[in-house]
Amino acid sequence: PRKVLQLLRLKQLHNGVFLKVNKPILQMLKLVQPYVTYGYPSLKTVRELLYKRGHAKVHKQRIPISDNSVITSSLGEKGLYGMEDLV
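These lines cover the structure that appears in this document, whether it is placed above or below.

Cut-offs and rules
- Position numbers for residues start from 1 in each chain and track the written sequence from start to end.
- Side-chain atom pairs in this predicted model are given and counted only at pLDDT of 80 or more, local residue features only at pLDDT of at least 70, and totals for whole chains, interfaces and linings cover all residues.
- Just so you know, side-chain values use all the structure's heavy atoms and leave hydrogens and water out.
- Each helix is a run of H or I in the DSSP string that is no shorter than four residues. Each strand is a run of E no shorter than two, and both are numbered from the N terminus.
- For the radius of gyration, the atoms used are the C-alpha atoms, and the globule rule reads 2.2 Å times the number of residues raised to 0.38.
- Exposure is judged per residue with a 1.4 Å probe applied to protein chains only, and the accessible area is read against the type maximum: over 50% gives exposed, under 20% gives buried, and values in between give partly exposed.
- Paired strands, in this sense, are two strands between which DSSP finds at least two bridges.
- A pair is scored as a salt bridge if a Lys or Arg side-chain nitrogen falls within 4 Å of a carboxyl oxygen belonging to Asp or Glu.

**A few points about the overall build of the chain**
Part 1 of the reasoning: Looking only at helices and strands, the chain features 5 helices and 2 strands.
Part 2 of the reasoning: Order of helices (α) and strands (β) in the chain, N terminus to C terminus: α-α-α-β-β-α-α.
Part 3 of the reasoning: Compactness check: the chain gives a C-alpha radius of gyration of 16 Å against a globular reference of 12 Å for 87 residues, more than 25% above the reference.
Part 4 of the reasoning: Principal axes of the C-alpha set define a box for the chain whose edges measure 40 × 25 × 20 Å.

Here it is in structure tokens:
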């Protein structure tokens, strides 16, 4: 199970990841089911996580998303101008 947890990017206790649902991921989750909790996040949960722990990579640096200018400067050409567009 340790290798499966590493493949799922769960390397520490109390970590969380967002994964796309597909057959291989579901099989891996079944293997580590006694050790993890999984399910579909609510919109409220995703919004709270982004506001509290959201970071962006701009010019190869990891910076916190503190205001909408960070999002607009890096993702404005793709039509994302603020935090609510990300959620």
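Once the structure has been displayed, the description carries forward.
**Some points on the pairing of strand β1 (residues 55-58)**
Part 1 of the reasoning: A one-sided burial pattern is seen for β1, the buried positions being A56 and V58 and the unburied ones H55 and K57.
Part 2 of the reasoning: The hairpin formed by β1 and strand β2 (residues 61-64) contains 2 residues between the paired strands, and H59 there has a positive phi angle of roughly 55 degrees.

**Description of the pattern of salt bridges**
Part 1 of the reasoning: According to the stated counting rule, one finds 2 salt bridges in the structure shown.
Part 2 of the reasoning: Across the pair E84 and R47 runs a salt bridge, and its minimum N-O distance is 3.4 Å. Pair noted here: E84 is in helix α5 (residues 83-86) and R47 is in helix α3 (residues 43-53), with a separation of 37 residues, a long-range link.

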